[in-house]
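So the chains spell out like this:
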Amino acid sequence: MSGVIVVGSQWGDEGKGKIVDFFAEHADAVVRYQGGNNAGHTIWHGDTKFELSALPSGIVTKGQLAILGNGVVINPEALLAEIKEVESQGVTVENLIISNRAHVIMPYHIALDKASETASNNRIGTTKKGIGPAYTDKISRVGIRVADLIDPEIFGKLLKEYLPFKNAQLTKLYGEEALDYNEIYDKYVEYGRQLAPYVTDTSYLLGQQMKENKRVVFEGAQGVMLDVDHGTYPFVTSSNPTAGGVMNGAGVGPKQIQDVVGVIKAYTSRVGSGPFPTELFNDTADHIREIGHEYGVVTKRPRRIGWLDAVALRHAVQVSGLTKLAINSLDVLSGLKEVKIATSYTYKGEAIHHFPASDTWFQGLDVNFETLPGWDEDITDVTKFDELPINAQNYLNRISELLEVDLLSFAVGPKPEQTHLLRPVWE
Ligand code: IMP
């Protein structure tokens, strides 16, 4: 057992990148197993800030493999642009490895994502990066994989077969322009040529790594509540950010995993549409949004803000089998008179302790909160748990108690040196 999974346990943007980085520091490989360039990861390396969306966080750490697994969807144009960007920041990417089985986000996926969101008045509030349509084609067995992209003959054949259907959808359903075969073919064959040196069978490679007891970190994108199976469907992404996603999305077995770390923000945020039981619409939300810089890395949209939701988090503990908690952004709550945690909901007069499956339930839901005293102190320089104000300590302890999962770390700011461990990462 030499694998650790780091999963977002809310609606994404929990600060997974820096927790991944902690594990990555003493790891041999970092693997993304789902999602695509819809996920924004902000990571710090020394004083340099990297805003990644297509590359795995591990790319900036020398001497380890940074793997995009088969469960990821890849926008070659965005990936190549990001490679250039990090190279301009002094990072070399010879450690990048891309699965030959990962699916490619094609221009028609992006066009269809945009067209369907526009036509439905942003029903889901997607990132419009073509993620949903790319996964739809994967499941419908009309996707183009990286192995196909890097073979111009196969690529041309598949594109010729699929493009007319996509153009019919674009023009007849949405009244959009048709896309040109030759233009796509020429561009994508060139992308394939540039990406080919990084492509291999990543599941096989990981098998070898794990046989040698190498340490592997699996880096989730988005969060449990955006999981297509376990999240607030249909307001979800089209993949499995949960721990289960690792098995399929990286091609490893469950016995190769030693820990599943759930990353949590000390409050809750969400971008896009969908249920958010603890959402706040008051000054506290504005305060948290400003102090916490709660604007999307990818879309720059202001994030919706709310109190911590232990009902949703218990769901995350269950569906991902969380073994440890990493709690971020504790500093953002400093200065609030009191902090609240949702501990149960009431629906039609009855208390419910599990997260409802049906969207309609959220209309008549009452949220039951536990209120704890806040703290005033600036905690951004605190380095040890027992140096935190007692109310902040109590808040962290209460979260751990409600979720019945031990704390791994707490963070008092965005920089790596502001994340503090309560136990070693690789135990
Ligand atoms: P999609 O992943 O672009 O299809 O978007 C589906 C939903 O997931 C929308 O509500 C997005 O706002 C949300 N989403 C996708 N990626 C992220 C992320 O990295 N952080 C937070 N929300 C995300």
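Structure: see above.
Overview of the structure. (Residues numbered from 1 in each chain as written. Predicted model: local features only at pLDDT ≥ 70, side-chain atom pairs only at ≥ 80, totals over all residues. Heavy atoms only, no water.)

Quick notes on the overall build of the chain
- Broken down by element type, the chain carries twelve helices and 20 strands.
- Scaling as 2.2 N^0.38, a compact globule of 427 residues should have a C-alpha radius of gyration of about 22 Å, and the chain matches this with 21 Å.
- Within the span of the chain, comprising 427 residues, buried residues form 57% of the whole.
- Taking all contacts inside the chain whose residues are at least 6 apart in sequence as the whole, residues at least 24 apart take part in 75%.
- When the accessible surface of the chain is split by element, carbon and sulfur atoms take 50% of a total near 17,900 Å². (Helix = DSSP H or I, 4+ residues; strand = E, 2+ residues; numbered from the N terminus. Rg over C-alpha atoms; globule rule 2.2 N^0.38 Å. Buried < 20%, exposed > 50% of the residue type's maximum accessible area, 1.4 Å probe, protein only. Contact = heavy atoms within 4.5 Å. Areas by Shrake-Rupley, 256 points an atom, 1.4 Å probe, with all protein chains shown as cover.)

Remarks on the pattern of salt bridges
- Across all of its chains, the model carries 14 salt bridges by this definition.
- Here Arg193 and Glu190 are joined by a salt bridge, their closest N and O atoms 2.7 Å apart. Note that Arg193 and Glu190 are positioned in helix α7 (residues 181–195) at a spacing of three residues, about one turn of the helix.
- By relative accessible area, Glu190 is classed as partly exposed at 30%. (Salt bridge = Lys/Arg side-chain N within 4 Å of Asp/Glu carboxyl O.)

So, helix α6 (residues 152–173)
- Its 22 residues place the ends of α6 30 Å apart at the C-alpha level, agreeing with the 32 Å of an ideal helix rising 1.5 Å per residue.
- The largest bend in α6 is about 35°, located at Tyr162, with the proline Pro164 one to four residues further on.
- Of the residues making up α6, those classed as buried are Phe155, Gly156, Leu158, Leu159, Tyr162, Leu163, Lys166, Asn167 and Leu170.
- The elements touched by buried residues of α6 are α3 (107–119), α4 (131–139), α5 (146–149) and α7.
- Just downstream of α6 lies Gly175, where phi reads positive at about 65°. (Expected span 1.5 Å × (residues − 1). Bend = angle between axes of the 7 residues up to and from the residue.)

Observations concerning the environment of Leu65
- Relative to the elements of secondary structure, Leu65 occurs in strand β5 (residues 65–68).
- Sequence separation between Leu65 and Leu55 is ten residues; the distance between their C-alpha atoms is 12 Å.

Focus: the site of the ligand
- Inspection of the region around the ligand gives 16 residues, with Asn38, Thr127, Gln222, Thr237 and Arg301 positioned closest.
- Measuring from a nitrogen atom of the ligand, one finds a side-chain N or O atom of Asp13 at 3.1 Å.
- The protein chains hide 97% of the 470 Å² of surface that the ligand would expose on its own. (Near = heavy atom within 4 Å. Polar contact = N/O pair within 3.5 Å; in protein donor to acceptor, adjacent residues only side chain to side chain.)

Some thoughts on the pairing of β5
- Sheet topology places strand β2 (residues 29–32) next to β5; four bridges connect them, and they run parallel. From the neighbouring strand, Val31 faces β5, where its bridge partner is Ile67.
- Inspection of the sheet shows β5 paired to strand β7 (residues 96–99) by three bridges, in the parallel sense. Paired with Ala66 across the strands is Leu96, a residue of β7. (Pairing = 2+ DSSP bridges.)

A few points about the packing of helix α2 (residues 76–88) against α7
- At a minimum axis separation of 10 Å, α2 and α7 run at an interaxial angle of 45°. Relative to α7, the element α2 is oriented oblique. As α2 runs across α7, the sense of the crossing is left-handed. Taken together, the residues of α7 that come into contact with α2 (itself represented by Pro76, Glu77, Leu79, Leu80 and Ile83) are Lys187, Tyr188, Tyr191, Gln194 and Leu195.
- Across the contact of α2 with α7, the residue classes break down as seven nonpolar, one polar and two charged. (Axes fitted to C-alpha atoms, helices over the stretch in contact; angles between N-to-C directions. Parallel < 35°, antiparallel > 145°, perpendicular 65-115°, else oblique. Left-handed = near helix turned anticlockwise from the far one by under 90°. Nonpolar A, V, L, I, M, F, W, Y, C, P; charged D, E, K, R; others polar.)

Here we look at the side chain of Asn167
- Its location among the elements puts Asn167 in helix α6.
- The class for Asn167 is buried, based on a relative accessible area of 13%.
- Residues in contact with Asn167, not counting those within four places in the same chain, are Lys172, Ala178 and Leu179.

Details of unusual backbone geometry
- The peptide bond linking Tyr233 to Pro234 adopts the cis configuration, its omega dihedral lying at 5°.
- Of note, the phi angle at Gln222 is positive, near 50°, even though the residue is not glycine.
- With respect to the element layout, Gln222 can be found in the loop between β10 (216–219) and α9 (244–251).
- Positive phi outside glycine occurs at His293, with the angle close to 50°.
- Within the fold, His293 resides in the loop between α10 (283–291) and β13 (304–306).
- Residue classification places His293 among the exposed residues on the basis of a relative accessible area of 61%.

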